[in-house]
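Per-entry structural report
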Amino acid sequence: MAAYPFGEIEKKWQKAWEEGQVFKAPVRPDPATPKFYVLDMFPYPSGAGLHVGHPEGYTATDIVARYKRMKGFNVLHPMGYDSFGLPAQQYAVEHGIHPRITTERNIANIERQIKMFGFSYDWSRRVATTDPDYYRWTQWIFLQMFNAWFDPDARKARPITTLVEKLKREGLSGRALRDAVDAKRLAYMAEVPVNWCPALGTVLANEEVTNEGRSDRGNHPVYRRALKQWMLRITAYAERLVDDLKLCDWPESIKIMQRNWVGRSEGAEVEFRMPNSECRIVVFTTRPDTLFGATYMVLAPEHPLVEKITTADQQAAVRAYVEQAGRKTELERMADAKDKTGVFTGAHAINPVNQQQIPIWVADYVMMGYGTGAIMAVPAHDTRDFEFATKFKLPIVQVVQPPEGVDWRGYVEDGIAVNSGQYDGLTTAEFKKRITAELEAARLGKYAVNYKLRDWIFSRQWYWGEPFPIVHCDACGTVGLPDDQLPLRLPDLDDFTPEASDDPEAPPKPPLGRVKDWITVACPSCGKLAQRELNAMPQWAGSCWYYLRYLDPKNAARFCDPEIERYWMGPNGVDLYVGGAEHAVLHLLYARFWHKVLHDLGHVSTAEPFGKLFNQGMIRSFAYRDKRGICIPYDKVDSSGDKPTHVDTGEELQVSIEKMSKSLKNVVNPDDVIAEYGADTFRLYEMFMGPLEASKPWNTRDVPGVHRFLNRVWRMVAGDEEHASLVAEGAEDAETERALHKMVKKVGDDIEAMKFNTAISAMMEFVNVVYKAGSIAPSQAARFLLALAPFAPHLAEELWQKTGHAKMLAHEPWPEVRAEFLEEDTVEVPVQVNGKLRGRIRVPVAAAKEAVLAAARAEPSVAPHLAGKTVRKEIYVPGKMVNLVAG
RNA sequence: GCCUGGGUGGCGAAAUGGCAGACGCAAGGGACUUAAAAUCCCUUUCCCGAAAGGGAGUGUGGGUUCGACUCCCACCCCAGGCACCA
């Protein structure tokens, strides 16, 4: 395909933009100029480099950034790297290469790739989470949390000193005071059950554990085990994380996912007493109205009361069960969900509403981590209790009357109370309200809210993460480093392997523990020898606040200057944040949490970090399989016929659309596409494929289509050996001018609405109009180039220069749209008879209804359909449609 | 099981109460060329028909409306998320 010289042009303008610092945002912006902060989710610099999914979001934000600059905004459009993490750590373990080296290498490669696309990033603001100048402030924010507590009265975080004062006033001092304070910090240590993999020597996240209860990497056994870990008190923010979603202009589906993740539910805590025992079992229930139907109770295997209440003759069975349950990972417990197991403790509890004695069981379908770790079981109206009761032959008592024709067994919706004494006849809602109030009055229960959300396990036993700025001192306890000792740098190391062990009970030995001259340090508080914290932070840490560092990346005195923060973040935070939906919950929830802590402590001005969020869809691609199910690479597929066939054997192949992956041999490499067609074509293709939010398949066959369009633009403006340019002085044509205004308006509106695919088709239509007309005036060509520039910036700049403009177009104003060019004198109106299209009439825009209807009835293609019928109803939607209802 | 999206030509898609298939790909035809590539022009939802024209048509079945791809009800299929959360 003969093509415009994209390779040369793209290099030329990328160099010009970089050397001219064309996209550098002002360091001290003028508050009078409106701002726009458009942000991409920064990538993890993996060894595989960019895939075609990355530039999809980056192109979209680049279009918006370039457009907003032309509209007169100060645009902040930065890029950086989320460079701590497990892959570099594992690579280091396997190849003995320092993760810093591989990380630097990978960043260099991915940055080279990103720069090929000509994105208008302000590279002077680049950050990497592994830079000591960056993680210094990650550590500083951690210390902010360590030195803060959540004041339930103020519903916000406050400095820990306010708690110390308060507790002192209450008479605490010494060790007791310290323990009480430590237990309330936003960053605290606690013994929690974790997925412990002794062979890897680290704790694993749930998603790193397979269904078989083994490690995703290496297939080593994983055990459930209680270990002392750093925790962040995100649960204190559960309510605000849900409530403040109303401030976020986000896709509703993402908000729903976040709400579900936090999982707020309202109900009551109810206390069950036991005969002949002081023990009391507190349960959480969302259905206090079903108390009369509670026929047994269940404790989680880890529940502290299990041991105390189990009777002698059940001791052995309960112990065996608890021990076996403890060995299962959370995932195994879920896998066994269908088949309920459990053991009777021999003990009974008293149902507070009817004084009945009901048996207490232990079963692993009750989780220690949710509610109180104990439930009242109402088998008639809870699916799980129903299954359990059926299996173990426990009584099932109806207490809710479902609507006519619905079986009450297993009915879990609302209904009318029955078999509930004085409460019979109440609706579920009324009953809940009354019983909760009465339990509260009798001191047997209270209104309660529970969340699925758990506190965030924040430590990892690996090397390649931010070190905790913490020392452990025998005399002073856990002490944060003073600011002047930050950053606490990662010490160098030759062997990154966490100490592996076959013994699941052996204590963790993080790799940092081997750096003998690093681990001991003078306690910042008392000066005696103390031990550094040996764990490192998880990968999420650095990405929780990077959008703030971009604002003021070189500031050595603060994480960000407050005045600069107010300018770029006000009033609603980041104006546009684009990334994949895979971060819908964790990254976005964690970042919101950190932001709220910083907000409470007065360090940032907004309640929410990301005002508007947009999720790009996943780009997948075709995968071809032969009869045996073996994947065939693209260069072995012949798709010239009706059905794809194998180039060598001619065998017909099965096509499917899948995620790109090496094993499916369907990965498209951006480098190859750019080499063949150029970056502008790549950008345009990804934006033209379909709506940004939709998941769609990459189809290499379609790429030449947009490339052809760019060639047409080139020839239209510059011509080539065989074709003269269509630009001609004095070619101002009214039709072209009208088409141009219409196009500019549509492109502008579509960019604002993130509908890039239809913006591109509008530009294609305009070029088709010009080719039909045969010429275009210079001023029209110039305005067309301005509209094209956000999408295909290299080509636009080159043609802009070729048409005699000395200054770059990057900061030219967006072309003006004038209403008089959008209006037409006459309009074509379709005419329907009984809702069926029969003809079209052309009428003046302002024509009266009667005149239009008369013209419609008279239209030759319409009249025959009315012959012999009475027109019963006439509808005219001005400028849109006529419908004649006849019978 | 629950919660989100989505299902429109041979393919990617457009239209979100008012002309279904814009724009692009692929395919077919034509022009240019010794030829090919590139380029330009035309055709292209399906069925009946030589044509004019007619009929059907947006996953399936109902409904609301003068009018439904669009709104409502039920169902089927695909993708993503959650999943013993009491």
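Residues numbered from 1 in each chain as written. Chains lettered and ligands numbered in written order. Predicted model: local features only at pLDDT ≥ 70, side-chain atom pairs only at ≥ 80, totals over all residues. Heavy atoms only, no water.

Observations concerning the sheet that holds strand β20 (residues 470–473)
What holds strands together in a sheet is hydrogen bonding between their backbones, with the strands either parallel or antiparallel. Strands sit in the order β21-β20-β23-β22 across an open sheet of four strands; the sheet is antiparallel. The outermost strands of the open sheet, each flanked by one partner alone, are β21 (477–480) and β22 (520–522). In this sheet, neighbouring strand axes are inclined to one another by 40 degrees on average, regardless of whether the strands run parallel or antiparallel. Relative to strand β23 (residues 529–532), β20 runs antiparallel, the two being bridged by two bridges. Bridge pairing in β23 places His 472 opposite Gln 531. Across the sheet, helix α5 (residues 132–146) touches β20 and β21, and the angle it forms with β21 is around 135 degrees. (Pairing = 2+ DSSP bridges. Helix = DSSP H or I, 4+ residues; strand = E, 2+ residues; numbered from the N terminus. Axes fitted to C-alpha atoms, helices over the stretch in contact; angles between N-to-C directions. Contact = heavy atoms within 4.5 Å.)

Brief notes about the packing of helix α22 (residues 703–718) against helix α25 (residues 778–788)
As a packed pair, α22 and α25 sit with axes 11 Å apart at the nearest point and diverge in direction by 150 degrees. Looking at the two axes, α22 sits roughly antiparallel to α25. For the crossing formed where α22 meets α25, the hand is left-handed. Contact with α22, carried on its side by Phe 709, Val 713, Met 716 and Val 717, involves Phe 784, Leu 785 and Leu 788 of α25 and no other residues of that element. When grouped by side-chain class, the residues that make up the contact of α22 with α25 number seven nonpolar, no polar and no charged. (Parallel < 35°, antiparallel > 145°, perpendicular 65-115°, else oblique. Left-handed = near helix turned anticlockwise from the far one by under 90°. Nonpolar A, V, L, I, M, F, W, Y, C, P; charged D, E, K, R; others polar.)

Notes on the protein's contact with RNA strand B
Looking at RNA strand B, there are 57 residues lining it, with Thr 286, Tyr 370, Arg 384, Arg 712 and Arg 840 nearest. The sugar-phosphate backbone supplies 68% of the atoms of RNA strand B found within 4 Å of the protein. Separating a sugar or linking oxygen of RNA strand B from a backbone N or O atom of Tyr 365 is a distance of 2.7 Å. Broken down by element, the residue count for the surface near RNA strand B peaks at six residues, all from helix α24 (residues 756–773). Looking at side-chain class alone, the surface near RNA strand B contains 22 nonpolar, 13 polar and 22 charged residues. (Near = heavy atom within 4 Å. Polar contact = N/O pair within 3.5 Å; in protein donor to acceptor, adjacent residues only side chain to side chain.)

Thoughts on the environment of Pro 793
Within the secondary structure layout, Pro 793 lies in helix α26 (residues 793–802). The exposure class of Pro 793 is buried, given its relative accessible area of 1%. Linking Pro 793 and Gln 401, residues 392 residues apart in sequence, is a C-alpha distance of 67 Å. Other than its neighbours up to four places away in sequence, Pro 793 contacts Trp 17, Arg 66, Gly 118, Asp 680 and Arg 683. (Buried < 20%, exposed > 50% of the residue type's maximum accessible area, 1.4 Å probe, protein only.)

Notes on the side chain of Thr 428
Within the secondary structure, Thr 428 is located in helix α14 (residues 428–441). The contacts of Thr 428, once residues within four sequence positions are left out, are Arg 287, Asp 289, Asp 414 and Gly 415.

Notes on the nonpolar core
Judged by nonpolar contacts, the single largest core of 182 residues is most densely connected at Trp 594 and Phe 784. A domain-level breakdown of this core finds at least three residues from each of domain 1 (141–238 + 456–532) and domain 4 (678–820). Leaving out residues up to four positions away in the same chain, Trp 594 has contacts with Thr 138, Ile 141, Met 145, Leu 232, Trp 456, Phe 458, Ala 541, Cys 544 and Trp 545. Within the second largest apolar cluster, 48 residues are counted, among which are Met 297, Val 318, Met 376 and Ala 377. (Core = buried A, V, L, I, M, F, W, Y, C linked by side-chain atoms within 4.5 Å. Domains from an automatic or database assignment.)

Section: helix α19 (residues 586–600)
For an α-helix the count is 3.6 residues per turn, leaving residues at separations of three or four pointing the same way. Its 15 residues place the ends of α19 21 Å apart at the C-alpha level, agreeing with the 21 Å of an ideal helix rising 1.5 Å per residue. With 14 of its 15 residues buried, α19 lies for the most part within the structure. Phi turns positive, to about 85 degrees, at Gly 602, one or two residues after α19. (Expected span 1.5 Å × (residues − 1).)

Points about the packing of aromatic side chains
Enumeration over the complete set of coordinates arrives at 51 aromatic pairs. Taking the centre distance of 5.0 Å and the plane angle of 80 degrees together, the rings of Phe 142 and Phe 468 count as edge-to-face. Placement of the pair is Phe 142 in helix α5 and Phe 468 in the loop between β19 (456–457) and β20, with a sequence separation of 326 residues. The two residues Phe 142 and Phe 468 agree in class, both being buried. A centroid spacing of 5.6 Å and a plane angle of 70 degrees characterise the contact between Trp 540 and Tyr 590, whose relative ring orientation is edge-to-face. Taken as a pair, Trp 540 in helix α16 (residues 540–543) and Tyr 590 in helix α19 lie far apart in primary sequence, 50 residues in all. For Tyr 590, a relative accessible area of 12% gives the class buried. Ring pairing ties together the aromatic residues Phe 142, Phe 146, Phe 150, Trp 230, Tyr 237, Trp 456, Phe 458, Phe 468, Trp 540, Tyr 590, Phe 593 and Trp 594, which thus form one cluster. Lying across the ring of Trp 123, Lys 115 places its NZ or CZ 4.8 Å from the centre. A cation over a ring is seen here: Arg 233 above Tyr 188, with NZ or CZ 4.1 Å from the ring centre. (Phe/Tyr/Trp six-rings, centres within 6.5 Å; stacked < 30°, edge-to-face > 60°. Lys NZ or Arg CZ within 6 Å of the ring centre and 35° of its normal.)

Focus on the pairing of strand β1 (residues 35–40)
Counting buried positions along β1 yields six of six residues, so the element is predominantly enclosed. Judged from the three bridges that link them, β1 and strand β2 (residues 74–76) form a sheet pairing that is parallel. Looking across to β2, one finds that Phe 36 is bridged to Val 75. Traced from β1 through helix α2 (residues 53–70) to β2, the parallel crossover comes out right-handed. The pairing of β1 with strand β24 (residues 576–580) spans three bridges and is classified as parallel. Bridge pairing links Val 38 to Leu 576 in β24. (Right-handed = clockwise from strand over helix to strand, strands pointing away.)

What about the packing of helix α23 (residues 734–752) against α24?
Between α23 and α24, whose axes approach to 8 Å, the crossing angle comes to 170 degrees. Relative to α24, the element α23 lies roughly antiparallel. Facing Thr 736, Ala 739, Leu 740, Met 743, Lys 746, Val 747, Asp 750 and Ile 751 of α23, the residues of α24 in contact are Phe 756, Thr 758, Ala 759, Ala 762, Met 763, Phe 766, Val 769, Val 770 and Ala 773. A breakdown of the residues in the contact of α23 with α24 according to their chemical character gives 13 nonpolar, two polar and two charged.

Considerations on the domain arrangement of chain A
A common way to express how large an interface is: the accessible area buried when the components associate. By domain assignment, chain A separates into domain 1 (141–238 + 456–532), domain 2 (264–451), domain 3 (620–667), domain 4 (678–820) and domain 5 (824–886). One C-alpha centre belongs to domain 4, the other to domain 5; they are set 37 Å apart.

Brief notes about the sheet that holds strand β8 (residues 202–204)
Pairing is antiparallel across the open sheet formed by four strands, whose spatial order is β8-β7-β9-β19. Whereas interior strands pair on both sides, the edge strands pair on one side only; in this sheet they are β8 and β19. Judged from the three bridges that link them, strand β7 (residues 187–197) and β8 form a sheet pairing that is antiparallel. Its bridge partner lying in β8, Asn 195 is registered against Leu 204.

Side note on the environment of Pro 29
Checked against the element boundaries, Pro 29 lands in the loop between α1 (6–19) and β1. The buried category is assigned to Pro 29, whose relative accessible area is 12%. Between the alpha carbons of Pro 29 and Trp 540 there is a distance of 30 Å; along the sequence they are 511 residues apart. Look past the residues within four positions of Pro 29 in its chain and what remains in contact with it is Asn 74, Tyr 567 and Trp 568.

Re helix α6 (residues 160–169)
Residues of α6 that are buried: Ile 160, Leu 163 and Leu 167. Seen from one end, α6 has its buried residues packed into an arc of 55 degrees, which puts them on one side. For α6, the secondary structure elements touched by its buried residues are β5 (148–151), β6 (156–159) and α7 (174–182). Positive phi appears at Gly 171, one or two residues downstream of α6, with a value of about 95 degrees. (Arc of directions from axis to C-beta.)

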